[in-house]
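# Coordinate analysis (summary)
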Amino acid sequence: MSKAPKDNRPGARLPRGLRDYAGDDISGQREMLDKLRVVFERYGYDALETPAIEYTDALGKFLPDTDRPNAGVFSFQDEDEQWMSLRYDMTAPLARHVAENFDKLPKPYRRYAMGPVWRNEKPGPGRYRQFMQCDADTVGTDNVAADAEACMLMADAMEALGIPRGSYVVKMNNRKVLDGVLASIGIDPASEADAGRRLTVLRAVDKLDRLGAKGVALLLGPGRKDESGDFTKGAGLEQAAIDRVLAFVGASASGAADVFGVVEGILAGNEGGLAGVAELRAIDALAKAAGYGPDRVTFDSSIVRGLDYYTGPVFEAELTFEVTGDDGKPVRFGSVGGGGRYDDLVARFTGQRVPATGFSIGVSRLQAALAHLGKAKSTATPGPVVVLVMDKAELPLYQKMAQTLRDAGIRAEMYLGTAGMKPQMKYADKRGAPCVVIQGSQERDKGEVQIKDLIEGAKRSAEITDSKEWREGRPAQVSVPEAQMVSTVRAILARHKG
RNA sequence: GCCGCUGUAGCUCAGUUGGUUAGAGCACUAGAUUGUGGAUCUAGGGGUCCCCCGUUCGAGCCGGGGCAGCGGUACCA
C-alpha cells in the first residue's frame, strides 16, 4: 500500500520488513528470554551485551575488492567517514570482544547474548529485517566436549520453552566429513579455485529437506527450474559424483545400524573426513553419557548450514511436529536454531588461532511455533482496573481511589480523558479492564462505590437483547462501602484468574 | 537480483462491451439511551480508483512505462 503523503507530510509508515511490538508479542518474548536465560546461566555461561553498532570492518563485511560494505548489512558512515553497520548476528561482535579483551578473559570463555539483530534482506512471511537472536558460545578450546555441550544445551533450551521431548531434535554433522566427501569427487576444500563449486554443492545439499533428492540432484548437476520458471544454475557435477554425494547425504536416513561406519566407507580413507567422523563419534558418546539419546541429539548427514566459516561440527535444532495453518495447509517450522565450530573468526583480528563453537536460537520463529503449539499461553498483562470520573470536580477523590488500589498491588488507573460516562465504559472495555469503579454523587453520599465486573457483564450480555434491561439492570455490578473497595476488586480479579 | 501475480474507503472486496455523482460488508463517529461497555435500529464521516504518459468525445476499465505489495526462487553471516 503506497499512499502518497498529502501535501508534504511524511507518511506514517514503518519501513518494510520491520514491525512494532505490543501486548502479547512483548510478554511472550520476554517470557521466552527469561526461560532461556535460566538455562544458559545454569550451564555456566556469562551474560554479555555488546552494542547494536560495530565498525563494518570488525564485522568483516566489506565487499571484496571495494571499500563498500556488503549488501545485506545496514551501514552508514560516521563523520570521519568510517563505515559502521548494525550487527547482523551475535558471533561477529563476540569475536571482536574476545580479540579486544583477550588477556582479561578466562579461557575457555563462555558467554551468552540476547538481542535484536538486523539484516538487509528481502522480508518474507515470518522473516523480518530485525529479529531477536539468542546465542551461547564457548571460545578458546577445540575440545569436542564444548560441541557436545552446545547440542545438549540446545535440547535443554527447547524443553525449557515447553517443547516436549520428541517434538524437536538436535541434528549434527561435520564440515570435515563433508569436505572429505567433496575431496573424493575431486573438489579440493582448501583450493581457491574450487571454492565456488564447493559452496554450490554445500548449498544444494542444504536444500534437501525442501527440494528432495531429485531437486538436489538437479542442483548438483545441470541446474533446476523452479515453479515460477526461474532457473538456478547447478554445480555441474558428473552423475557418479552426484550419486556419491547423495549416498553420503542419505546415509543417516538409510536406517543402517552403524551409520558412522557407512560414512567411513564412503570416505574411502580420506584422512580429514575420518577425523571428522571420529569427532562426531566423540560428541555422540558424550551426549549419550549425559543422558541425551538419539531422540534428542543425533547425527544427520544432510545437515550442512549455509555458512562458509564453519570448520568442524555443525548442528541444527529442528521442530519435528506439523501443524495446520490458517489456510488448512500443513506448516512445518523446521530449523529454529543452529550453530557449529568456527575456528578462524578471532584470528582475523589477532592472527592467533582461537577455536570456538556455539549456536544461535531464532527467538521470533520459535515464538510463532510455540503459539501454534498452544504453549504461548496468553499471558498478556491484563488491563487495569479503571476508576471512572463521574464528577470532574472530585478528581482528587478518584485519584486517591486509584492510588489505594495501586498500594494494594492492583494495576489501576483513574480515567484520564475528558469524556462522559459512556465513552469511559467503552474505554475500559477496550483496555481489557476486569472491572471499573464507579462513584457518582449518589454513591458518595452513602460512602459507597459501585464495582462493575466487565468480564462477567460481557457474559451476561449474550443473554440480554433488550437495551433497557442491559443498561438499567446493571448486570454484574455491586455496591459496597468504600472500605471494601479493595477486597471486592480483589475477589473479582481472583474469580477471573486462570 | 530473477520469475509470476496483484494494486479501488482504515480492513476485505464488488464495479457490466469504455458512458452521469464509484459501491457493499466490516470498522469508526453520533443518535435512539441526561449515570453504564454488549446486541439491535437509524444517520454520518471517510476515495489522487498506486503514479506518469498515451488512445478516446469520454478511462477505475484499453496500451506503454514506472512504483509498491504479495508469492516463488536466489542469497541468508
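Here, every reference points to the structure presented above.
Residues numbered from 1 in each chain as written. Chains lettered and ligands numbered in written order. Predicted model: local features only at pLDDT ≥ 70, side-chain atom pairs only at ≥ 80, totals over all residues. Heavy atoms only, no water.

## Quick word on the overall build of chain A
Cut-off, in case you're wondering: Going along the chain from the N terminus, every DSSP run of H or I of four or more residues is numbered as a helix, and every run of E of two or more is numbered as a strand. For a compact globule the rule gives 2.2 Å times the number of residues to the power 0.38, and the radius of gyration it is set against comes from C-alpha atoms. Partly exposed describes any residue whose relative accessible area lies between the buried limit of under 20% and the exposed limit of over 50%, with all areas from a 1.4 Å probe on protein chains only and scaled to the type maximum. Note on definitions: a residue-residue contact is assigned when non-hydrogen atoms from the two residues lie within 4.5 Å.
Counting secondary structure elements, chain A contains 18 helices and 18 strands. Taking 23 Å as the expected radius of gyration for a compact globule of 498 residues, we find that chain A reaches 29 Å, considerably beyond that expectation. The principal-axis extents of the C-alpha atoms in chain A amount to approximately 95 × 60 × 55 Å. Counting only residues that meet the buried cut, chain A has 45% of its 498 residues in that class. Long-range pairs, those at least 24 residues apart, make up 67% of the contacts in chain A between residues at least 6 apart in sequence.

## Remarks on the packing of aromatic side chains
Note the threshold: Only centres within 6.5 Å qualify two rings of Phe, Tyr or Trp (six-membered ring in Trp) as a pair; their planes then separate them into stacked at under 30 degrees, edge-to-face at over 60, and tilted for everything else. Sitting over a ring, as applied to charges here, requires NZ of Lys or CZ of Arg to be within 6 Å of the ring centre and within 35 degrees of the ring normal.
In total, this model carries six aromatic pairs according to the counting rule given. With a centroid separation of 5.1 Å and an interplanar angle of 35 degrees, the aromatic rings of Phe260 and Phe299 are classed as tilted. Note that Phe260 is positioned in helix 9 (residues 259–267) and Phe299 in strand 10 (residues 297–299), a separation of 39 residues in sequence. Of note, Arg348 hangs over the ring of Phe349, and the distance from its end group to the ring centre comes to 4.7 Å. The ring of Trp470 is capped by Lys452, whose NZ or CZ atom sits 5.7 Å from the centre of that ring.

## Topic: the nonpolar core
Heads up, the rule is: Take the buried Ala, Val, Leu, Ile, Met, Phe, Trp, Tyr and Cys residues and link them wherever side-chain atoms come within 4.5 Å; each set so joined is a nonpolar core.
Grouped together as the largest cluster of nonpolar side chains are 74 residues, with contacts concentrated most on Phe40, Leu237 and Leu319. In this view, Leu237 contacts Ile185, Ile187, Arg197, Val201, Leu220, Gly221, Ile242 and Val245; residues no more than four positions away in its chain are not counted. Counting residues in hydrophobic clusters, the runner-up holds 28 residues, among them Val389, Ile410, Cys435 and Ile438.

## Describing the packing of helix 5 (residues 175–184) against helix 6 (residues 195–206)
Condition: Note on method: axes are straight lines fitted to C-alpha atoms, helices fitted across the in-contact stretch only, with angles between N-to-C directions ranging 0 to 180 degrees. By convention, the crossing between two helices is left-handed when the near helix turns anticlockwise from the far helix through less than a right angle, and right-handed when the turn is clockwise.
Helix 6 packs onto helix 5 with a crossing angle of 115 degrees between their chain directions and a minimal axis gap of 11 Å. Viewed along their axes, helix 5 and helix 6 form a crossing whose handedness is right-handed. Across from Arg175, Leu178, Asp179 and Leu182 in helix 5, the residues of helix 6 making contact are Arg198, Val201 and Leu202.

## Points about unusual backbone geometry
What you tend to see is this: most non-glycine residues have negative phi, and most peptide bonds are trans. Pro108 follows Lys107 through a cis peptide bond whose omega is 0 degrees. Positionally, Pro108 belongs in the loop between helix 3 (91–100) and strand 5 (109–118). Positioned with a positive phi, Ala268 is a non-glycine residue whose angle comes to about 50 degrees. With respect to the helices and strands, Ala268 occurs in the loop between helix 9 and helix 10 (271–289).

## Here's the deal with a positive patch on the surface
Test applied: Two joining distances apply to patches: 9 Å for like charges and 5 Å for nonpolar side chains (Val, Leu, Ile, Met, Phe, Trp, Tyr), and every residue must have over 30% relative accessible area and no salt bridge. The Shrake-Rupley method, run with a 1.4 Å probe sphere, supplies the accessible areas, and residue values consider only the shown protein chains as cover. Criterion for a salt bridge: a side-chain nitrogen of Lys or Arg within 4 Å of a carboxyl oxygen of Asp or Glu. Counted as positive: Lys and Arg. Counted as negative: Asp and Glu, with His and the chain ends omitted from the count. Lys charges are placed at NZ, Arg charges at CZ, Asp charges at CG and Glu charges at CD.
On the surface, a cluster of positive charge is made up of Lys422, Lys426, Lys430, Lys468 and Arg471. Broken down by secondary-structure element, the contributors of at least two residues to the positive patch are helix 14 (421–431) and helix 17 (467–472). Examining the composition of the positive patch, we find that three residues originate from one element, helix 14, more than from any other. Counting through the fold element by element, Arg471 comes out in helix 17.

## A closer look at the sheet that holds strand 14 (residues 385–387)
For sheets, the rule is that strands pair by backbone hydrogen bonds, running either parallel or antiparallel. Let me state the cut-off plainly: Paired strands, as defined in this entry, are two strands with at least two bridges between them according to DSSP.
As summarised here, the arrangement of the five strands in space is 15-14-16-17-18, forming an open sheet in which the pairing is mixed. Two strands bound the open sheet, and with one partner strand each, they are strand 15 (412–414) and strand 18 (477–481). Strand after strand, the sheet turns through a mean of 25 degrees between neighbouring axes, direction not considered. Here three bridges tie strand 14 to strand 15, and the two strands are oriented parallel to one another. Opposite Val386, over in strand 15, you have Glu413 as the bridge partner. Against the sheet, helix 13 (residues 395–407) engages strand 14, strand 15, strand 16 (435–438) and strand 17 (448–453), with an angle of about 175 degrees to strand 15.

## Regarding the protein's contact with RNA strand B
Here is the rule we go by: It suffices for a single heavy atom of a residue to lie within 4 Å of a molecule or strand for the residue to be listed as near it. Under the scheme applied here, ten amino acids are nonpolar (Ala, Val, Leu, Ile, Met, Phe, Trp, Tyr, Cys and Pro), four are charged (Asp, Glu, Lys and Arg), and all others, including Gly, are polar.
RNA strand B sits among 46 residues. The nearest are Arg203, Ser228, Leu307, Ile464 and Trp470. In RNA strand B, atoms within 4 Å of the protein come 48% from sugar and phosphate. Looking at the surface near RNA strand B, the elements that each hand over two or more residues are helix 14, helix 15 (441–446), helix 16 (454–461) and helix 17. Sort the elements by how many residues they give to the surface near RNA strand B and helix 14 lands first, with five residues. Residue classes in the surface near RNA strand B are distributed as 14 nonpolar, twelve polar and 20 charged.

## Describing the pairing of strand 17
For strand 17, the tally of buried residues reaches five of six residues, placing the bulk of the element in the interior. Pairing geometry for strand 16 and strand 17, over four bridges, is antiparallel. Its bridge partner being in strand 17, Val436 is matched across the sheet by Lys452. Taken together, the five bridges between strand 17 and strand 18 define a ladder with antiparallel strand orientation. Paired with Gln450 across the two strands is Ser479, which belongs to strand 18.

## Looking at a negative patch on the surface
Together, Asp78, Glu79, Asp80 and Glu81 line one region of the surface with negative charge. With respect to the helices and strands, the residue Glu79 is situated in the loop between strand 3 (75–77) and strand 4 (83–86).

## Digging into the side chain of Arg96
With respect to the helices and strands, Arg96 occurs in helix 3. On the basis of relative accessibility, which here comes to 17%, the residue Arg96 falls in the buried class. Those residues within four positions of Arg96 in sequence are excluded, and the remaining contacts are Thr50, Pro51, Glu54, Ala58 and Phe349.

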